[in-house]
Amino acid sequence: MSLRHALLGLLSERPASGYDLLKRFETSLANVWPATQSQMYGELAKLAAAGLISVSAQGPRGRKEYTLTDDGLAELRHWLTQTRPQRNTRSDILLRVFFLGVLPTEQASAYLTGLMELSDQEYEDLRTLEQSIDWGEDQLSVHGRIALEYGLRFNAMRREWARWAAAQLG
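The rules behind the values
- Residues numbered from 1 in each chain as written.
- Predicted model: local features only at pLDDT ≥ 70, side-chain atom pairs only at ≥ 80, totals over all residues.
- Heavy atoms only, no water.
- Helix = DSSP H or I, 4+ residues; strand = E, 2+ residues; numbered from the N terminus.
- Expected span 1.5 Å × (residues − 1).
- Buried < 20%, exposed > 50% of the residue type's maximum accessible area, 1.4 Å probe, protein only.
- Arc of directions from axis to C-beta.
- Contact = heavy atoms within 4.5 Å.
- Axes fitted to C-alpha atoms, helices over the stretch in contact; angles between N-to-C directions.
- Parallel < 35°, antiparallel > 145°, perpendicular 65-115°, else oblique.
- Left-handed = near helix turned anticlockwise from the far one by under 90°.
- Core = buried A, V, L, I, M, F, W, Y, C linked by side-chain atoms within 4.5 Å.

> How do you make sense of helix α3 (residues 37-49) when you look at a structure like this?
Residues that lie three or four places apart on an α-helix share one face, since the helix turns once every 3.6 residues. Taking 1.5 Å of rise per residue, the 13 residues of α3 would be expected to cover 18 Å, and the 19 Å separating its terminal C-alpha atoms lies within 8% of that figure. Among the residues of α3, those classed as buried are M40, E43, L44 and L47. The buried residues of α3 occupy an angular sector of 105° when the element is viewed end-on, so they sit on one face. Residues of α3 that are exposed and angled more than 90 degrees away from the buried face: S38, K46 and A49. In this structure, the buried residues of α3 make contact with α1 (3-13), α2 (18-28), β2 (53-58) and β3 (64-68). Two residues or fewer after α3 comes G51, characterised by a positive phi angle close to 80°.

> Help me understand the packing of α2 against α3 in this model?
Two quantities define a packed helix pair, namely the angle between the axes and the distance from one axis to the other. Between α2 and α3, whose axes approach to 10 Å, the crossing angle comes to 130°. As judged from the angle between their axes, α2 and α3 are oblique. Read as a crossing pair, α2 and α3 show a hand that is right-handed. Facing α2, whose interface residues are G18, Y19, L21, L22 and F25, α3 presents Q37, M40, Y41 and L44.

> Whenever I open this one, the nonpolar core confuses me. Can you help?
Ranked by internal contacts, the top residues of the largest apolar core, which has 19 residues, are L7, L21, F25 and I53. Counting only elements with at least two residues in this core, the list comes to α1, α2, α3 and β3. Looking at which element gives the most residues to this core, the answer is α1, with 6 residues. Sequence-distant contacts of L21, defined by excluding residues within four places in its chain, comprise L7, L10, L11, A16, M40 and L44. One finds L100, A108, M116 and A165 within the second-largest nonpolar core, a separate group that totals 8 residues.

Shown next, in the form of structure tokens:
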């Protein structure tokens, strides 16, 4: 996934300003694909230059509202249906687990306990996010809830795995 496609996806729902997109990102995609404000505004400029979005309104202080173009929608659909998802092959967490043998057992166990705590915290953060969103019946809400459920289940799985891994240390 790329920031490009995340922005196209958000704009497929409705036009939005960069600020609005940033806020929507924070309440929907930040756990899936984090981005900074400068990255987002830079990508919006690239999307506009490529003709995938257009500026549909301008307001005070240079505020721009962006709309997805037909070419942008075609690009989003192409990405969804014609490109294979990239398997996340890098994991800082698992790389560290692989080398826990260089630590005393207590430290290795503490690392795994920390993963359990991290998973618990991320799970609770997602539950708080879930409660703070005014869910609707629109497509972004339906699919956002599905993605949020993935995050909840992933954190529950990682917590249980870390518990199991800690037990393997002895």
